[in-house]
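Next come the chains, spelled out residue by residue.
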Amino acid sequence: GGISGIILFTLTALTFTFVITWVFNNTRASILIAILVHASIDTFSETLGAIFPAKAVASAFPMMIGFGVLAVVLIVLTRGRLNYERLTEAQSAPRVR
């Protein structure tokens, strides 16, 4: 709670944003897949209460670390572009009707 909880939540949301952006760009702007990734993470975090102590699940710190590591890996592998080129190529390609 308090200001530290707000800061921790903000950092977790920021790192999660990189992951969702990468998913969105790699699925040719599929909002449905981005929603499903978000929902699966919400669902998975709910089941953690049965496995780990409540104090560990209530803290956003483990999620921030996990998303932070994943975000850094994605940024390094895509050289900071998060595969944005793939999205622009898909949007500029002619569609067959």
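Everything that follows concerns the structure shown earlier in this document.
Everything quoted here is computed from the prediction, not taken from an experiment.

Criteria and thresholds
- Residues numbered from 1 in each chain as written.
- Predicted model: local features only at pLDDT ≥ 70, side-chain atom pairs only at ≥ 80, totals over all residues.
- Heavy atoms only, no water.
- Core = buried A, V, L, I, M, F, W, Y, C linked by side-chain atoms within 4.5 Å.
- Buried < 20%, exposed > 50% of the residue type's maximum accessible area, 1.4 Å probe, protein only.
- Helix = DSSP H or I, 4+ residues; strand = E, 2+ residues; numbered from the N terminus.
- Contact = heavy atoms within 4.5 Å.
- Phe/Tyr/Trp six-rings, centres within 6.5 Å; stacked < 30°, edge-to-face > 60°.
- Axes fitted to C-alpha atoms, helices over the stretch in contact; angles between N-to-C directions.
- Left-handed = near helix turned anticlockwise from the far one by under 90°.
- Nonpolar A, V, L, I, M, F, W, Y, C, P; charged D, E, K, R; others polar.
- Expected span 1.5 Å × (residues − 1).

1. Considerations on the nonpolar core
Within the largest apolar cluster, eight residues are counted, these being Phe-16, Val-19, Ile-20, Ala-34, Ile-41, Phe-67, Leu-74 and Leu-82. Listed by contribution, the elements that provide at least two residues to this core are helix H1 (2–26), helix H2 (31–51) and helix H4 (61–77). Here this core gets three residues from one element, more than from any other, and that element is H1. Apart from residues no more than four positions distant in its own chain, Val-19 is found in contact with Phe-67, Leu-70 and Leu-74.

2. Some words on the packing of aromatic side chains
Scanning the model with the defined rule gives one aromatic pair in all. When the ring of Phe-16 is compared with that of Phe-67, the centres are 4.9 Å apart and the planes differ by 55°; the resulting orientation is tilted. Placement of the pair is Phe-16 in helix H1 and Phe-67 in helix H4, with a sequence separation of 51 residues. The two residues Phe-16 and Phe-67 agree in class, both being buried.

3. As for the packing of H1 against H4
H4 packs onto H1 with a crossing angle of 35° between their chain directions and a minimal axis gap of 8 Å. Crossing angle aside, the handedness with which H1 passes H4 is left-handed. Facing H1, whose interface residues are Leu-8, Leu-11, Thr-12, Thr-15, Phe-16, Phe-18, Val-19 and Trp-22, H4 presents Phe-61, Met-63, Met-64, Phe-67, Gly-68, Leu-70, Ala-71, Leu-74 and Ile-75. Residues belonging to the contact of H1 with H4 are distributed by class as follows: 14 nonpolar, three polar and no charged.

4. Digging into H1
Along its 25 residues, H1 runs 37 Å from first to last C-alpha, staying within 8% of the 36 Å computed at 1.5 Å per residue. Of all the positions in H1, only Thr-12, Thr-15, Phe-16, Val-19, Ile-20, Val-23, Asn-25 and Asn-26 are classed as buried. At the C-terminal side of H1, Arg-28 shows a positive phi close to 55°.

5. A few points about the environment of Asn-26
Within the secondary structure layout, Asn-26 lies in helix H1. Spatially, the C-alpha atoms of Asn-26 and Leu-82 are 8.4 Å apart, while their sequence positions differ by 56 residues.

6. What to know about H4
Its 17 residues give H4 an end-to-end C-alpha distance of 24 Å, which sits within 8% of 24 Å, the value for a rise of 1.5 Å per residue. Two residues or fewer past H4, Arg-79 is found with a positive phi of approximately 55°.

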